[in-house]
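Structure at a glance
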Amino acid sequence: MSRKGVSFRVKEINSDIAQFRDLSISIGAIHEEKWDEPMGPTPFPTLSTLRSWDHTLLKRYKPFYLPFCDLCCLCTYGKCDLTGTKRGACGISMSAQQSRTVLIAACIGAATHISHSRDLLTHVIEQYGSDFPLNIGGTSVEVEAPITRLVCGVKPETLGDLEPVLDYCENQVTQLLAVTHTGQEGNNLDFESKVFHAGMVDHVGMEVADIAQVSALGFPKADPESAMADLGLGTVDATKPVVLVIGHNVPPSTSIIDYLRDNGLLSEIEVTGICCTAMDIARYSAKAKIIGPISWQLRYIRSGVPDVIVIDEQCVRTDTLQEAAAIRTPLIATSDKNCLGLPDRTNDPIDAIVADFVSGKVAGALVLDMEKVGEIAVRVAQGIAPNRKKQGTLPSKDRIIELAKKCTQCMLCRRACPNDLPIPQAIKPAAGGNLGPLNELYDDCVGCGRCEPACGQKIPVHSLIVGAAEKQTREETFCIRTGRGAIQDVEIRKVGGPIVLGEIPGIVAFVGCANYPKGSREVAEMCMEFAKRRYIVCTSGCSAMSAGMYRDKDGKTAYEKYSGAFEAGGIVNVGSCVSNAHISGAAIKIASIFAKRPLRGNYEEIADYVHNRVGAVGVAWGAMSQKAAAIAAGFWRLGIPVVVGPHGTKYRRMLLGRADKDEDWYVYDARTGEKVYGGPVPEHLFFAAETKEEAMVMIAKLTMRPNDTSKGRANKLANYVDLHKRHIGGLPPDVHRLVRVPADIPLTMKSEILEHLQQHDWKEQPIPDPTLLPRMVHTRRD
Amino acid sequence: MPLNESWQTGEIPGPKKASLIVKPDIADAMIRRAKRPILIVGHGILEYEVEGLRLIDCLIELAKKGKIPVVVTASTNKEFLARGYIPAAIMPAVDIANRLTDATWKGIDGKDTYDLAIFVGLPYSMEWTILSGLKHFAPGVKTMTLDCVYQPNASWSFPNSTIKEWAASLRAIVANLGD
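The text that follows walks through the structure, step by step, so that each part is easy to find. (Residues numbered from 1 in each chain as written. Chains lettered and ligands numbered in written order. Predicted model: local features only at pLDDT ≥ 70, side-chain atom pairs only at ≥ 80, totals over all residues. Heavy atoms only, no water.)

1. Looking at the overall build of chain B
Check the secondary structure of chain B and you find six helices and nine strands. Over its C-alpha trace chain B gives a radius of gyration of 15 Å, about what one expects of a compact globule, namely 16 Å for 179 residues. Here the C-alpha coordinates of chain B stretch approximately 40 × 40 × 30 Å along the principal axes. Within chain B, the fraction of its 179 residues that count as buried is 61%. Summarising the internal contacts of chain B: among those between residues at least 6 apart in sequence, 66% fall at separations of at least 24. Here chain B displays about 6900 Å² of accessible surface, and carbon together with sulfur accounts for 53% of that area. Considering chain B, the positive charge centre built from 20 side chains and the negative charge centre built from 19 side chains are found 5 Å apart. (Helix = DSSP H or I, 4+ residues; strand = E, 2+ residues; numbered from the N terminus. Rg over C-alpha atoms; globule rule 2.2 N^0.38 Å. Buried < 20%, exposed > 50% of the residue type's maximum accessible area, 1.4 Å probe, protein only. Contact = heavy atoms within 4.5 Å. Areas by Shrake-Rupley, 256 points an atom, 1.4 Å probe, with all protein chains shown as cover. Lys, Arg positive; Asp, Glu negative; His and termini not counted. Charge placed at Lys NZ, Arg CZ, Asp CG, Glu CD.)

2. Notes on the overall build of chain A
When you go through chain A residue by residue, the secondary structure sums to 29 helices and 23 strands. Relative to the globule expectation of 28 Å for 782 residues, the C-alpha radius of gyration of chain A, 27 Å, shows essentially globular dimensions. Overall, chain A is about 90 × 80 × 60 Å in size when its C-alpha atoms are taken along their principal axes. Going through the 782 residues of chain A one by one, you find that 64% of them count as buried. Put simply, 76% of the contacts in chain A that link residues at least 6 apart link residues at least 24 apart.

3. Observations regarding the packing of helix α5 (residues 188-217) of chain A against helix α7 (residues 276-284) of chain A
Residues and elements named next belong to chain A. Running from N to C, α5 and α7 point in directions that differ by 30 degrees, and their axes come no closer than 11 Å. Compared by their axis directions, α5 and α7 come out roughly parallel. Judged by the twist between their axes, the crossing of α5 over α7 is right-handed. Between α5, through Asp210, Gln213, Val214 and Leu217, and α7, the contact on the second element is made entirely by Asp280, Arg283 and Tyr284. Of the residues contributing to the contact of α5 with α7, the split by class is three nonpolar, one polar and three charged. (Axes fitted to C-alpha atoms, helices over the stretch in contact; angles between N-to-C directions. Parallel < 35°, antiparallel > 145°, perpendicular 65-115°, else oblique. Left-handed = near helix turned anticlockwise from the far one by under 90°. Nonpolar A, V, L, I, M, F, W, Y, C, P; charged D, E, K, R; others polar.)

4. Some thoughts on unusual backbone geometry
Residues and elements named next belong to chain A. Lys79 follows Gly78 through a cis peptide bond whose omega is 10 degrees. Relative to the helices and strands, Lys79 is located in the loop between β4 (71-72) and β5 (80-81). Look at Asp761: it is not a glycine, yet its phi comes out positive at around 55 degrees. Counting through the fold element by element, Asp761 comes out in the loop between α29 (750-759) and β23 (770-771). Asp761 sits in the exposed class, given a relative accessible area of 58%.

5. Digging into the interface of chain A and chain B
Think of interface size as the accessible area that goes away when the parts come together; that is how it is often given. Contact with chain A, which involves 50 residues of that partner, is made by 46 residues of chain B. Here chain A and chain B share an interface that buries about 3700 Å² over both sides, 54% of which is from carbon and sulfur atoms. If you sort the residues of chain A by the area they bury against chain B, Phe64(A), Arg415(A) and Glu690(A) come out on top, with a joint share of 23%. Here chain A is connected to chain B by five salt bridges. Between the two partners, chain A and chain B, sit 24 residue pairs in polar contact (both at pLDDT 80 or more). (Buried area = accessible area lost by both parts, 1.4 Å probe. Salt bridge = Lys/Arg side-chain N within 4 Å of Asp/Glu carboxyl O. Polar contact = N/O pair within 3.5 Å; in protein donor to acceptor, adjacent residues only side chain to side chain.)

6. Focus: the pattern of salt bridges
Scanning all chains against the criterion turns up 64 salt bridges over all chains. Where Asp552(A) meets Lys561(A), a salt bridge forms, and the shortest distance between an N and an O atom there is 2.5 Å. Residue classification places Lys561(A) among the partly exposed positions, given a relative accessible area of 34%. In this structure, a network of salt bridges that share partners links the residues Arg658(A), Asp660(A), Lys661(A), Asp95(B), Arg99(B) and Asp102(B).

7. With respect to the packing of helix α2 (residues 55-66) of chain B against helix α6 (residues 163-177) of chain B
All names here are of chain B. Two elements in contact, α2 and α6, have axes whose closest approach is 9 Å; the angle formed by their N-to-C orientations is 25 degrees. One element, α2, and the other, α6, form an angle in the roughly parallel class. In the packing of α2 onto α6, the handedness of the crossing is left-handed. Counting all contacts with α2, which are made through Leu55, Cys58, Glu61, Leu62, Lys65 and Gly66, the residues of α6 involved are Trp166, Leu170, Arg171, Ile173, Val174, Ala175 and Leu177. For the contact of α2 with α6, a count of residues per class yields nine nonpolar, one polar and three charged.

8. Regarding helix α23 (residues 581-594) of chain A
Residue pairs spaced three or four apart in an α-helix point in one direction, given the helix's 3.6 residues per turn. All names here are of chain A. Its 14 residues place the ends of α23 19 Å apart at the C-alpha level, agreeing with the 20 Å of an ideal helix rising 1.5 Å per residue. A maximum bend of about 30 degrees is found in α23 at Ile588. Burial runs high along α23: 13 of the 14 residues are buried. Two residues or fewer after α23 comes Lys596, characterised by a positive phi angle close to 60 degrees. (Expected span 1.5 Å × (residues − 1). Bend = angle between axes of the 7 residues up to and from the residue.)

9. What about the environment of Ile767(A)?
Residues and elements named next belong to chain A. By the secondary structure assignment, Ile767 is in the loop between α29 and β23. Along the sequence, Ile767 and Arg388 sit 379 residues apart, while their C-alpha atoms lie 69 Å from each other. Not counting the four nearest positions on each side in its chain, Ile767 is found in contact with Arg671, Pro706, Asp708, Ser710, Arg740, Val741 and Asp744.

10. Here's the deal with the pairing of strand β8 (residues 270-274) of chain A
Residues and elements named next belong to chain A. The buried fraction of β8 amounts to five of the five residues, a majority that puts the element mostly inside the structure. Examined bridge by bridge, strand β7 (residues 242-246) and β8 share five bridges and lie parallel to one another. Note on β8: the bridge partner recorded for Ile246 is Ile274. Where the polypeptide runs from β7 across helix α6 (residues 251-262) and back to β8, its parallel neighbour, the crossover connection is right-handed. Strand direction decides the pairing type here: β8 and strand β9 (residues 289-292), joined by three bridges, are parallel. The partner of Thr272 across the bridge, within β9, is Lys289. Between the parallel elements β8 and β9, the chain passes through α7 in a crossover that is right-handed. (Pairing = 2+ DSSP bridges. Right-handed = clockwise from strand over helix to strand, strands pointing away.)

11. A closer look at the sheet that holds strand β21 (residues 675-677) of chain A
All names here are of chain A. Across the sheet, which stays open at both edges, the three strands sit in the order β21-β20-β23 with antiparallel pairing between neighbours. At either end of the open sheet lies a strand with only one pairing partner, and these are β21 and β23. Here strand β20 (residues 666-669) runs beside β21; their pairing, made up of three bridges, is antiparallel. Within the sheet, the bridge partner assigned to Tyr666 lies in β21 and is Tyr677.

12. Let's talk about the packing of aromatic side chains
To describe a pair of aromatic rings, you give the distance between the ring centres and the angle between the ring planes. All names here are of chain A. The tally for this structure, following the rule as stated, stands at 14 aromatic pairs over all chains. Ring centres of Tyr61 and Trp665 lie 5.9 Å apart, and the angle between their planes is 75 degrees; this geometry places the pair in the edge-to-face category. Within this pair, whereas Tyr61 is found in the loop between α1 (51-60) and β3 (62-65), its partner Trp665 is found in the loop between β19 (653-656) and β20, the two being separated by 604 residues in sequence. Of the two residues, Tyr61 and Trp665, neither departs from the other in class, the shared state being buried. With centroids separated by 6.5 Å and ring planes inclined at 55 degrees, the aromatic side chains of Tyr651 and Phe686 adopt a geometry described as tilted. Pair noted here: Tyr651 is in the loop between β18 (642-644) and β19 and Phe686 is in strand β22 (residues 684-688), with a separation of 35 residues, a long-range link. Here the two residues Tyr651 and Phe686 agree in accessibility, since each one is buried. An aromatic cluster of at least three residues, connected via ring pairs, comprises Phe196, Trp636, Tyr651 and Phe686. Here Arg261 stacks its cationic end above the ring of Tyr284, 5.2 Å away from the centre of that ring. One Lys or Arg, Arg299, reaches over the ring of Trp296 and ends 4.3 Å from the middle of that ring. (Phe/Tyr/Trp six-rings, centres within 6.5 Å; stacked < 30°, edge-to-face > 60°. Lys NZ or Arg CZ within 6 Å of the ring centre and 35° of its normal.)

13. Quick look at the nonpolar core
One finds Leu438(A), Phe566(A), Trp636(A) and Ile130(B) to be the most contacted residues of the largest nonpolar core, which totals 283 residues. Here this core gets 15 residues from one element, more than from any other, and that element is α5(A). In this structure Phe566(A) touches Arg484(A), Ile487(A), Glu491(A), Ile492(A), Val495(A), Ile499(A), Ile507(A), Ile536(A), Cys538(A), Val572(A) and Ala586(A), once residues within four positions along its chain are discounted. Formed by 38 residues, the second largest nonpolar core is a distinct cluster that contains Ile68(B), Tyr124(B), Ile173(B) and Leu177(B). (Core = buried A, V, L, I, M, F, W, Y, C linked by side-chain atoms within 4.5 Å.)

14. Considering the sheet that holds strand β16 (residues 571-575) of chain A
All names here are of chain A. With respect to topology, eight strands assemble into an open sheet ordered β3-β19-β22-β18-β17-β14-β15-β16, the strand pairing being mixed. Only two strands of the sheet have a single partner each, and these edge strands are β3 and β16. If you compare each strand with its neighbour and ignore which way they point, the axes differ by 25 degrees on average. Bridge count between strand β14 (residues 507-510) and strand β17 (residues 616-620): four bridges; the pairing is parallel. Residue pairing across strands places Ala509 opposite Gly618, the latter belonging to β17. The sheet strands contacting α5 are β3, β19 and β22, and the helix crosses β3 at an angle near 100 degrees.

Geometry only, nothing functional implied.
As structure tokens, then:
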């Protein structure tokens with residue numbers, strides 16, 4: 001494949017044509033062609049290459065903007081009031097400003113994944129060399145990098161082959177960020193197209209990161225039976241020295257495991273983690289324990305259990321140093337993206353750093369040498385644990401009662417709470433000794449801690465909630481199947497047909513952060529509901545943890561109850577944030593492996609296939625971050641709908657279809673070239689649900705595709721109607737829009753649906769061979 | 001408690017903020033003045049019961065007396081049906097709001113656009129953002145909220161109130177509509 005930076009010098013050449021002296025030639029890359037698939041039309045697409053495809057989607061799924069602020073404050077002309085039809089000093093409208101903000105968020109997200117990917121790749125190349133072969137799943141995974149192949153048109157074989165792919169991603173993010181400068185793009189739909197571009201590039205970056213770490217660090221390789229790991233606060237053996245790792249970039253954590261292994265200490269020290277570093281360290285060693293999603297940071301640190309905290313990058317609370325100091329636990333920062341004002345001790349001797357930490361001379365240090373981090377963290381934990389005695393800051397019951405008596409019921413804690421939790425109402429009985437209502441808030445609390453600085457009485461409100469739930473936290477003993485990585489090609493071959501034909505009603509991927517409206521439990525319940533209904537359920541990141549933090553009536557977690565295979569009724573934990581690429585990758589592989597559509601640099605055709613035929617839906621129930629925005633955008637460009645929770649409206653816009661506008665739902669019938677009505681499926685591209693129940697009904701609806709066979713549509717409709725009846729009440733009002741031919745009607749619902757169709761003057765519609773691309777007419781290859 | 005501060009302290013929108021419904025008569029007058037009002041009811045209403053009055057019953061009475069079509073979101077429909085009241089439409093909140101920004105949309109009955117959208121019972125921040133969408137992109141639609149907290153992006157909002165004050169206001173609005 002490509003090799004970067006080749007240059008050579010020639011002292012003198014004499015030929016018939018000319019004479020050259022001191023000739024110096026540099027070549028950006030040499031391309032060794034080993035892949036015989038012909039190059040498609042759009043390798044390494046620029047900002048505008050796929051604009052036409054984006055606008056095709058955006059014509060159907062128009063943005064509905066939900067400004068989170070009426071002002072623009074990005075330049076010194078501002079603040080500019082953009083209310084209604086007003087324009088800013090630079091001429092920007094509110095719709096353009098909102099889409100610009102969405103693009104900024106997507107750029108932040110993409111840059112974060114790509115930068116993480118770069119750091120990781122550089123690290124593993126240093127460790128294993130650039131010729132180290134990629135191995136994602138042995139012979140089970142021949143399409144090792146579906147997104148990279150699709151977007152870039154290259155087939156990476158070694159770690160070194162991934163470098164030019166990241167060069168491309170970095171270049172594109174720079175271009176995209178430039179678009180958001182004052183006086184650049186001014187049209188909201190063109191901003192939106194660039195949001196899609198950022199998302200696509202983000203998925204490339206994520207794929208590079210995960211296939212690099214799977215290959216080099218020996219993570220499970222597309223293994224449906226990857227090991228189970230402990231999950232939850234109650235799984236930690238607090239009698240041992242405890243290391244806590246937080247973040248996303250796993251090398252500092254693998255260095256800890258390596259040191260423990262090398263020194264026979266694995267059973268002596270507890271390695272625990274929060275967020276995606278936890279997910280990935282458990283892929284490296286299933287002995288590592290996952291505490292929980294991002295929202296578990298304050299509650300775990302304040303418990304006093306960690307003896308040393310090692311942070312890397314992304315989603316690490318920026319007050320971790322202060323929280324760590326409060327429990328007398330040292331903090332080691334390991335990323336130059338997250339230095340926290342700490343002194344750089346990278347080049348100091350390990351003994352000196354350890355001594356300073358153990359003596360309490362320093363509260364934190366920046367150590368950018370991954371090899372050193374492992375030894376320092378372990379030795380500090382060993383040295384400090386006996387003296388710390390796990391002193392936390394969570395109040396005892398008596399102290400909670402005492403603090404609760406200070407409450408003036410001013411409501412400011414509740415008004416600071418993202419979930420509007422009735423905190424004052426729970427503190428009131430606590431003052432009288434009844435901690436039950438405070439304990440009840442624990443499950444719904446997102447752990448942001450905003451309630452505390454809001455309190456005029458300086459009551460540590462979050463600690464009161466966690467303290468009141470002390471027994472419950474000890475009982476958090478769950479398990480999670482460690483991230484398996486990619487989906488095997490053979491699994492795709494098995495399920496590709498049933499998915500496209502609709503016999504498997506859909507793929508539902510629960511991804512993203514933990515800013516849930518009503519706690520983790522809802523994610524677990526949704527996962528189990530769709531697995532029970534024989535959908536393929538995928539999980540990743542914080543959502544994958546949440547999916548495991550609940551036991552059903554049989555006492556089983558989602559991962560104990562359902563298989564880890566990419567099959568009907570499976571719950572497939574792909575891994576950390578960057579492993580999301582395997583979910584979009586699976587959709588792409590269905591088009592490529594099952595339908596044999598050309599993959600190489602052929603984005604539009606594959607996206608058109610996925611959008612019209614693969615019933616996949618992403619669910620980011622607690623999406624909070626800019627990375628989640630970028631991940632969603634990558635799904636949108638593939639035409640895959642994403643459902644978010646109610647907090648998701650703060651992303652500032654939805655992409656909503658209008659089922660009532662028939663003209664929006666015409667597709668080309670690839671057999672005839674005629675434009676035919678394909679029905680309002682999938683109805684939306686980005687949708688915020690108000691409740692879990694509304695989300696489940698919408699998820700079932702969004703798995704429908706114009707290509708569904710009657711058998712498949714009947715299956716999907718049966719689930720949609722049943723969920724609607726259970727959770728919303730009655731027959732869905734839009735069934736007549738979703739039934740195309742009588743055979744689409746689920747047998748068990750025939751009479752009531754026929755009655756509904758009659759009431760709505762229903763007419764039979766042909767089932768098309770759908771495409772949104774005129775060039776695909778008569779040129780189908782499947 | 002400040003009457004016209006965002007209930008979520010940090011959610012401050014900008015220069016254009018909702019006028020306060022300081023007296024029930026104001027809401028009553030808005031509803032009477034509207035040619036085509038619509039009531040959008042979220043699942044939050046199911047939580048409230050004040051002095052034996054379930055908020056949902058109060059809203060059903062409001063809809064009946066004011067002849068206002070009701071759009072229910074999420075699981076709210078089930079509770080309406082359980083009371084023998086069939087809402088005009090079941091639609092997610094973002095869907096109905098999106099349609100309200102379309103000046104050519106002829107409503108759920110296909111007759112005409114709406115000029116007043118009354119919201120109640122959505123999660124605070126979701127209602128906040130949806131009302132913001134309408135404030136900026138639905139110039140022909142006035143919005144009013146009947147929640148007990150101040151929603152700055154509405155055209156008209158109740159102030160931050162105690163549940164008791166709020167229930168009394170709702171009762172008064174319903175009673176006035178019966179005049």
